[in-house]
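# Reading the structure
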Amino acid sequence: MHIKLTMTRFVLLFLVFVCLQACKSSSVVQVAQEKQVDTIRVVSLPDSVQKEIPKSNDVLEQDSKESVEDLAFSYLKAKSRVAWKSGNNTDNYSVDIRVKKDSLIYKYFRNREKQLYKISDFIGCMSLANLNYVLDKNPELNSSKIEINPNSIEVQDYLSSTISKNTILLKYNIPNNKTIFLFGGNLGRPQGIEFLIKNISNCKQIKDAFFLIIGNGTEYKNISNKIEFENLKNVLLVKELPYLDYERILKCAHVGLIFLNPNFTIPNFPSRILNYMQNKMPVICATDLITDIGMIAQKNSFGYSCVTSDYNSFYDFVIKLLNNDVREKMGINAYNFLKNEYSVE
């Protein structure tokens, strides 16, 4: 019995050691919005500005007067390390999906989060759902310092492409006689890519619908294999292309797609929707039950919303958006809502 207890303690200590070692990397993930295309950049930093993650509960109770810059840097670095070490993929997973809430690492993140909230003068949230989530999980916060500060862009007057649409479509073998449903951006599990492919496969009998996926990520190979295995003819996967070509394709596409992993428990609001709205495209939002991005699109008549795994509803939305009049009306609504709500002006 004594030997078993000793071994149990040894295993527990070893697991704690492994968790702490998972945090010893020298990179920090920065989320960049370069021309409103979702991307992740990994930046190496000099050793002189890197910090070690605390290894005991005593250190977790550091002086809360630490500067905002130091806290933010330390938190982001810790989050990136866990994302890098906690699985086989190097994807940008959210902590609420990948890390157990009773784990030491999660408690560390949560502690740093609360310190950031405490010393901040204002807390910006991307949507009402995000704001309500922060207040619900942090009832000690003064609601007067929390505000909605959504992703925004400098809205431009809508202009048709200066080159023939057929030229750019022909360049990438995109059919010009079908309604094009576009997904552009990172291809990872947080985006619910496996469900994107299942929905596309479920729509393969809709002859007038064509799905265009542009991007790269940890799920790219899986998507490619799935398309080949099922011999899907209603979809094209493009890994890389010049951004100018992507902008031209945006003007040729008819419907924008938003997908999120259904397991998210924190509201997300993908910025790719702004590109769709800028180009007067209605959207289909297939997401989790927590985010309000789909509700906003549907309530303001520029999109449809369903749960990521609701294949029947997604199918019905595709059928509805084959109608040019419906798309045009919803596209105008999208552009006007963008100008009124998501403009930097």
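All values derive from a computational prediction rather than experimental measurement.

What follows deals with the overall build of the chain. Helix and strand counts for the chain come out as 14 helices and 10 strands. Every one of the 345 residues in the chain was classed for burial, and the buried ones make up 45%. Within the chain, contacts between residues at least 6 apart in sequence are counted, and of these 73% link residues at least 24 apart. Taken as a whole, the chain presents about 18700 Å² of accessible surface, with 52% of it coming from carbon and sulfur.

Attention now moves to the sheet that holds strand E8 (residues 255-259). Spatially, 6 strands are ordered E7-E6-E5-E8-E9-E10 in an open sheet, and the strand pairing comes out parallel. Strands with a single pairing partner mark the edges of an open sheet, and in this sheet they are strand E7 (235-238) and strand E10 (303-307). The mean angle between the axes of side-by-side strands here comes to 20°, regardless of whether they run parallel or antiparallel. Judged from the 6 bridges that link them, strand E5 (residues 179-184) and strand E6 (residues 209-214) form a sheet pairing that is parallel. Looking at E6, one finds that Thr179 is bridged to Ala209. Contacts from helix H9 (residues 220-230) reach E6 and E7, with the element oriented near 150° to E7.

Before going further, it helps to spend a moment on the pattern of salt bridges. Per the stated rule, a full pass over the model turns up 6 salt bridges. Among the ionic pairs, Glu140 bridges to Lys114, the shortest N-O distance being 3.0 Å. Of the two residues, Glu140 is situated in the loop between helix H6 (128-137) and strand E4 (146-148) and Lys114 in helix H5 (residues 104-119); the sequence distance between them amounts to 26 residues. Assessed through its relative accessible area of 32%, Lys114 is described here as partly exposed. Taking the shortest distance from any N to any O, the salt bridge between Glu219 and Arg189 comes out at 3.4 Å. Pair noted here: Glu219 is in the loop between E6 and H9 and Arg189 is in the loop between E5 and helix H8 (193-202), with a separation of 30 residues, a long-range link. With a relative accessible area of 40%, Arg189 lands in the partly exposed category. A cluster of three or more residues bridged by salt bridges with shared partners is formed by Lys171, Asp245 and Arg248.

So, about the packing of aromatic side chains. As enumerated under the stated definition, the model contains 9 aromatic pairs in all. Residues Tyr243 and Tyr246 carry aromatic rings whose centres are separated by 5.9 Å and whose planes lie at 40° to one another, so their mutual orientation is tilted. Taken together, the positions of Tyr243 and Tyr246, both in helix H10 (residues 243-252) and 3 residues apart, correspond to about one turn of that helix. Relative accessible area serves as the criterion here: at 22%, Tyr243 is assigned to the partly exposed category. For Tyr246, a relative accessible area of 6% translates into the label buried. Through a chain of ring-to-ring contacts, the aromatic side chains of Phe181, Phe211, Phe259 and Phe314 assemble into a single cluster. The ring of Tyr220 carries the charged tip of Lys239 above its face, separated from the ring centre by 5.2 Å.

Our next topic: H9. Given 3.6 residues per helical turn, the α-helix brings residues three or four places apart onto the same face. Among the residues of H9, those classed as buried are Tyr220, Ile223 and Ile227. Within H9, the buried residues cover an arc of 65° as seen down the axis, which keeps them to one side. Residues of H9 that are exposed and angled more than 90 degrees away from the buried face: Lys221, Glu228 and Phe229. In this structure, the buried side of H9 is in contact with H8, E6 and E7. Among the residues trailing H9, Asn231 stands out with phi positive, at a value near 55°.

Moving on, we get to the environment of Asp157. Tracing the sequence through the fold places Asp157 in the loop between E4 and helix H7 (165-171). A sequence separation of 178 residues divides Asp157 from Tyr335, and the C-alpha atoms of the two residues are 9.6 Å apart.

Below, the discussion takes up the environment of Asn138. Following the sequence through the fold, Asn138 ends up in the loop between H6 and E4. Measuring from C-alpha to C-alpha, the distance between Asn138 and Tyr117 comes to 9.1 Å, with 21 residues separating the pair along the chain. For Asn138, the residues in contact, after removing those within four places along its chain, are Arg110, Lys114 and Tyr117. A polar side-chain atom of Asn138 sits 3.4 Å from a polar atom in the side chain of Lys114. At a separation of 2.9 Å, a polar atom in the side chain of Asn138 contacts the main-chain carbonyl oxygen of Val134.

Definitions and limits used
Residues numbered from 1 in each chain as written. Predicted model: local features only at pLDDT ≥ 70, side-chain atom pairs only at ≥ 80, totals over all residues. Heavy atoms only, no water. Helix = DSSP H or I, 4+ residues; strand = E, 2+ residues; numbered from the N terminus. Buried < 20%, exposed > 50% of the residue type's maximum accessible area, 1.4 Å probe, protein only. Contact = heavy atoms within 4.5 Å. Areas by Shrake-Rupley, 256 points an atom, 1.4 Å probe, with all protein chains shown as cover. Pairing = 2+ DSSP bridges. Axes fitted to C-alpha atoms, helices over the stretch in contact; angles between N-to-C directions. Salt bridge = Lys/Arg side-chain N within 4 Å of Asp/Glu carboxyl O. Phe/Tyr/Trp six-rings, centres within 6.5 Å; stacked < 30°, edge-to-face > 60°. Lys NZ or Arg CZ within 6 Å of the ring centre and 35° of its normal. Arc of directions from axis to C-beta. Polar contact = N/O pair within 3.5 Å; in protein donor to acceptor, adjacent residues only side chain to side chain.

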